[in-house]
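Structure at a glance
Residue strings, one per chain:
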Amino acid sequence: MSTIPDDLRSHVYDRADGICEYCLMGERYTMKLHEVDHIYAEKHGGKTILENLCLSCATCNRFKGSDLCSLDPLTGQISALYHPRRDIWSDHFRLKAFTIEPITPTGRVTVQLLKLNDFSRLAEREALFSVGRYPGHYRSSLDHDIGTDESTTDTLE
Ligand SMILES: [Zn+2]
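First, a word on scope: everything that follows refers to the structure included in this document. (Residues numbered from 1 in each chain as written. Predicted model: local features only at pLDDT ≥ 70, side-chain atom pairs only at ≥ 80, totals over all residues.)

1. Some remarks on the pairing of strand S2 (residues 53-56)
Neither face of S2 is exposed, since Leu-53 and Leu-55 on one face and Cys-54 and Ser-56 on the opposite face are all buried. Sheet topology note: the strand S1 (residues 35-38)/S2 ladder contains four bridges and is antiparallel. Looking across to S2, one finds that Val-36 is bridged to Leu-55. (Buried ≥ 20, exposed ≤ 12 C-beta atoms within 10 Å, placed from the backbone. Helix = DSSP H or I, 4+ residues; strand = E, 2+ residues; numbered from the N terminus. Pairing = 2+ DSSP bridges.)

Dropping the structure here:
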């Protein structure tokens, strides 16, 4: 595994605003620093370029490993994992308070493989949610189920 140059790392961090691009956890609220993930792992030919990199919390990155896809728990069909550069988060997931609900096959395989709603992760997110620290900057751009009270000026029609 190649080392990520510092300038590339800081670009990835800034682009994501310090938020895990899978579970939306802010780095400042975790015990471990977020990591730069090769969306397509190097062993599959993935390159160390911005288009193939995303910011991931250590937990998401550990469960994702070098995987690209998995079996949809609903249909048994193979489906690609969420790709932070090509996919839009809210096309595949919906936040119900601090629970990440999958709404597509890609959402389902990602929630399952990355264990996005494991008990300990939900407990951590619940604590942050209760004090307005979860999710991070995605908050105002997601659907209205999250009950935010600071997006009343949104111009969504
Ligand atoms: Zn994460």
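Additional details are given in the paragraphs that follow.
2. Details of helix H4 (residues 105-113)
Burial analysis of H4 places seven of its nine residues in the buried class, which makes it a mostly covered element. Within the sequence span of H4, burial applies to Pro-105, Thr-106, Gly-107, Arg-108, Val-109, Thr-110 and Val-111. In the core, the buried residues of H4 are packed alongside strand S3 (69-71), strand S4 (78-80), helix H3 (89-92), strand S5 (93-96) and strand S6 (99-102). Just beyond H4, the residue with positive phi is Lys-115, at close to 55 degrees. (Contact = placed C-beta atoms within 7 Å.)

3. Some remarks on the nonpolar core
Of all hydrophobic cores here, the largest spans 26 residues; its most connected members are Cys-20, Tyr-22, Cys-23, Met-25 and Leu-55. At the level of secondary structure, the elements contributing two or more residues to this core comprise S2, S5 and H4. Of the residues forming this core, the biggest block, three residues, is contributed by S2. Leaving out residues up to four positions away in the same chain, Tyr-22 has contacts with Ser-56, Cys-60, Tyr-82, Thr-110, Leu-114 and Leu-116. (Core = buried A, V, L, I, M, F, W, Y, C linked by C-beta atoms within 7 Å.)

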